[in-house]
Amino acid sequence: PPRSTLSSSSAASDVYKRQSLKPFQSKQKINLIWLPEYMHNSTANALLKIFEEPPGDTLFFLVSNNYQKLLKTIISRVQMFKVRRFKDEEMKLYLSKYDDVSVGEVDQAIYLSDGNLNKAVKFLNSSKTDDLDYLKNWIALPQKERNAIKENGFANSPISKSEANEAKEILWRDHISLIRSQRSNEIKQKRISIGDKTLKYDYLVFGEKPETGRSLYISMHGGGGAPPQVNEGQWKNQMRLYKPKEGIYLCPRAPTDTWNLWHQAHIDPLFDRLIENMIIFNEVDPDKVYLMGYSAGGDGVYQLAPRMCDRFAAAAMMAGHPNETSPLGLRNLPFALHMGENDKAYNRNKIAASWGNKLTNLRKEDPKGYEHFVKIHKNKGHWMNLEDSIAVPWMAKYKRNKLPDRIVWKQDDVTHSRSYWVSLVNEQIKPRGLIIASRNGQAIQIHKSDQSTQVDIMLNDEMINFDENVTVRYQDKILFNDKPKRSISEIYRTIKERGDPSLVFSSRLRVKLN
């Protein structure tokens, strides 16, 4: 219940004693009595005399919410100044300084506080901490005792920008702890196993670690369609080929010895896990991961770069063959091709030149995309005598374009569920499917979706202003026009999907295209 600053029966004597004190800085003494209507009756009567004849250097301010409850003898001895409640627009102007809360949260605080600014501020502060407190309590539980996060109310209620940032940090630290506890052995052994496939690897470290983390170069060996000992030799040889100025130069050994050893379906999840491990255990910068490969490894670059484009900052193909794959998905991934002029087997040289022409034409049509570099090395055959090593510093110039303004997502025969900020549920994933989408401020346009009838748009505070409407269109049709909501469950979901702290989303819009 409300209490006065003078609610005890002995409070009047304290007031009289204080009047004997001299002011320290000002010439006058100020006495503030909060909620005087709740004063003890004996206190109110005892103060009548000093209210009527206060010392000349003393002022009394009685701040009341309900002055009618005061003794009439007190009311007759004071001057009345009525302070009205704050208007909604005045409160909104003041509360707008809290840049970590949404317009909706401000409106709700104003509505619930009924013109009381103090109540509105308390409401915003309490709503800001409750969900995070619940999250921290959930995180504190042992893994086996946690229910699914989406089953908790705190995970699905709207949160502010600052809450989203803090939730991301909490969840990422928890994810690091879990991965470190589960995968320490595979890190020591330099082996990753998923199902019946095992990827072993080795690496060398070059240069000093930047503040943002080390670069990572994944370099795939040649061989394929050969006995295991041949591919073992190719793997060990790959370790000696390239030396970045800075970064981790990592050479994986293909899990199989088939001709297509680097672009079978098991490679993608193995590489996802490899990158996640290197981020967590080796302090790799997720925006500086590069893909390269020679011969059969080059085949892998041709195929993996478009289908895993949102994982890499740049890619370089050496002496490989693309088989059936398309360059469309390289829109946001700088791509280098190196080929010996005389590398005629399987028409590698002609196909590399053809791909160079395709990328040039794509860039003419889309000047902000399809960054590429093509080098046909004169008088060289399949072995380019390390002239192709210029690809390493060329790639190092780039950081991942993680939130591009335009996505060209071309699925391969090996499919993925998300690319950059676009995602699909399983039943909507189709081999060879094509989705083209763009974003400009608060507007998102889906230009083409030739097989999928439902698309998820993932959002975060780097992309949009959550206090304003976002419009999603498919061709000429508006599919969504509202303010998106951030949630802890979406942050958790996108962390668990990739283990990529640089590409985390706090909101998801699911739109139907038909």
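Quick summary incoming for the structure in this document. (Residues numbered from 1 in each chain as written. Predicted model: local features only at pLDDT ≥ 70, side-chain atom pairs only at ≥ 80, totals over all residues. Heavy atoms only, no water.)

1. So, the overall build of the protein
Line of reasoning, step 1. Counting its secondary structure elements, the protein contains 15 helices and 19 strands.
Line of reasoning, step 2. Compactness check: the protein gives a C-alpha radius of gyration of 33 Å against a globular reference of 24 Å for 514 residues, more than 25% above the reference.
Line of reasoning, step 3. Overall size of the protein, expressed as C-alpha extent along the three principal axes, is 110 × 55 × 45 Å.
Line of reasoning, step 4. Burial analysis of the protein (514 residues in total) assigns 51% to the buried set.
Line of reasoning, step 5. Look at the contacts in the protein between residues 6 or more apart in sequence, and 68% of them connect residues 24 or more apart.
Line of reasoning, step 6. For the protein, the accessible area works out to roughly 25,500 Å², and carbon and sulfur atoms hold 49% of it. (Helix = DSSP H or I, 4+ residues; strand = E, 2+ residues; numbered from the N terminus. Rg over C-alpha atoms; globule rule 2.2 N^0.38 Å. Buried < 20%, exposed > 50% of the residue type's maximum accessible area, 1.4 Å probe, protein only. Contact = heavy atoms within 4.5 Å. Areas by Shrake-Rupley, 256 points an atom, 1.4 Å probe, with all protein chains shown as cover.)

2. Notes on the packing of aromatic side chains
Line of reasoning, step 1. For the coordinates displayed, the defined rule picks out 13 aromatic pairs.
Line of reasoning, step 2. An angle of 75 degrees between the planes, with centres 5.4 Å apart, marks the rings of Phe 51 and Phe 60 as edge-to-face.
Line of reasoning, step 3. Between Tyr 201 and Tyr 203, the aromatic rings sit 6.4 Å apart at their centres with planes inclined by 20 degrees, giving stacked as the arrangement.
Line of reasoning, step 4. For Tyr 201, a relative accessible area of 4% gives the class buried.
Line of reasoning, step 5. Clustering of aromatic rings is evident, with ring pairs tying together Tyr 302, Phe 335 and Trp 355.
Line of reasoning, step 6. Above the ring of Trp 138, the side-chain terminus of Arg 146 is found at 4.9 Å from the ring centroid.
Line of reasoning, step 7. Its end group placed over the ring of Phe 466, Arg 486 keeps NZ or CZ at 4.3 Å from the ring centre. (Phe/Tyr/Trp six-rings, centres within 6.5 Å; stacked < 30°, edge-to-face > 60°. Lys NZ or Arg CZ within 6 Å of the ring centre and 35° of its normal.)

3. Looking at the packing of helix 9 (residues 161–189) against helix 11 (residues 267–282)
Packed helix pairs are specified by the crossing angle of their axes together with the interaxial distance, meaning the distance between the axes.
Line of reasoning, step 1. Taken N-terminus to C-terminus, the directions of helix 9 and helix 11 make an angle of 110 degrees; their axes are 10 Å apart at the nearest point. Considering their axes alone, helix 9 and helix 11 lie roughly perpendicular with respect to each other. Two secondary-structure elements touch here, helix 9 through Trp 172, His 175, Ile 176, Ile 179, Arg 180, Arg 183, Ser 184, Glu 186 and Ile 187 and helix 11 through Arg 273, Glu 276, Asn 277, Ile 279, Ile 280 and Phe 281.
Line of reasoning, step 2. Here the contact of helix 9 with helix 11 is built from residues that sort into 7 nonpolar, 3 polar and 5 charged. (Axes fitted to C-alpha atoms, helices over the stretch in contact; angles between N-to-C directions. Parallel < 35°, antiparallel > 145°, perpendicular 65-115°, else oblique. Nonpolar A, V, L, I, M, F, W, Y, C, P; charged D, E, K, R; others polar.)

4. Comments concerning the pairing of strand 15 (residues 443–449)
Two faces belong to every sheet, and in a regular strand the side chains alternate between them.
Line of reasoning, step 1. Bridging between strand 14 (residues 434–440) and strand 15 involves 6 bridges; their strand directions are antiparallel. If you follow Ile 436 over to strand 15, its bridge partner there is Lys 448.
Line of reasoning, step 2. The antiparallel hairpin formed by strand 14 and strand 15 contains 2 residues in its connecting segment, where Gly 441 sits at a positive phi of about 65 degrees. (Pairing = 2+ DSSP bridges.)

5. With respect to the sheet that holds strand 3 (residues 191–194)
Line of reasoning, step 1. Within the open sheet, the 8 strands sit side by side as 3-4-6-5-7-8-9-10. Their pairing is mixed. Of all the strands in the sheet, just strand 3 and strand 10 (372–377) have a single pairing partner and so form its edges. Adjacent strand axes in the sheet meet at a mean angle of 20 degrees when their direction is disregarded.

6. Examining the sheet that holds strand 13 (residues 422–423)
Line of reasoning, step 1. If you walk across this open sheet you meet the 4 strands as 12-13-16-19, and the pairing is antiparallel. Strand pairing shows two members of the sheet lacking a second neighbour, strand 12 (418–419) and strand 19 (507–512), which therefore form its edges.
Line of reasoning, step 2. Across 2 bridges, strand 13 lies against strand 16 (residues 454–459) in antiparallel orientation. In the strand pairing of strand 16, Ser 423 is matched with Asp 456.
Line of reasoning, step 3. Across the sheet, helix 15 (residues 488–498) is in contact with strand 12, strand 16 and strand 19; its angle to strand 19 comes to roughly 85 degrees.

7. Some words on the environment of Ser 449
Line of reasoning, step 1. Take Ser 449: it is sitting in strand 15.
Line of reasoning, step 2. Here Ser 449 falls in the buried class, since its relative accessible area comes to 10%.
Line of reasoning, step 3. Residues contacting Ser 449, with those up to four places away along its chain left out, are Leu 434, Ile 435, Val 455, Tyr 474 and Leu 513.
Line of reasoning, step 4. A polar contact of 2.6 Å, which involves the side chain of Ser 449, links it to the backbone oxygen of Ser 452. (Polar contact = N/O pair within 3.5 Å; in protein donor to acceptor, adjacent residues only side chain to side chain.)

8. Notes on the side chain of Ser 215
Line of reasoning, step 1. With respect to the helices and strands, Ser 215 occurs in strand 5 (residues 214–220).
Line of reasoning, step 2. We classify Ser 215 as buried; its relative accessible area is 2%.
Line of reasoning, step 3. At a separation of 2.8 Å, a polar atom in the side chain of Ser 215 contacts the side chain of Glu 246.
Line of reasoning, step 4. With residues near it in sequence (within four places) discarded, Ser 215 still touches Glu 246, Gly 247, Ile 248, Lys 288 and Tyr 290.

9. Concerning the pattern of salt bridges
Line of reasoning, step 1. Overall, the coordinates contain 38 salt bridges when judged by the stated rule.
Line of reasoning, step 2. Of the charged contacts, one joins Asp 268 and Arg 307 as a salt bridge, the two residues approaching to 2.8 Å between their closest N and O atoms. You can see Asp 268 sitting in helix 11 and its partner Arg 307 sitting in helix 12 (residues 296–307), a full 39 residues away along the chain. Each of the two residues, Asp 268 as well as Arg 307, counts as buried.
Line of reasoning, step 3. Note that Arg 486 is salt-bridged to Asp 461, the shortest N-O span being 2.9 Å. Here Arg 486 is found in the loop between strand 18 (477–482) and helix 15, whereas its partner Asp 461 is found in the loop between strand 16 and strand 17 (470–474), with 25 residues between them in sequence.
Line of reasoning, step 4. Where salt bridges share partners, they join Arg 418, Asp 456, Glu 490, Arg 493, Glu 497, Arg 508 and Arg 510 into one cluster. (Salt bridge = Lys/Arg side-chain N within 4 Å of Asp/Glu carboxyl O.)

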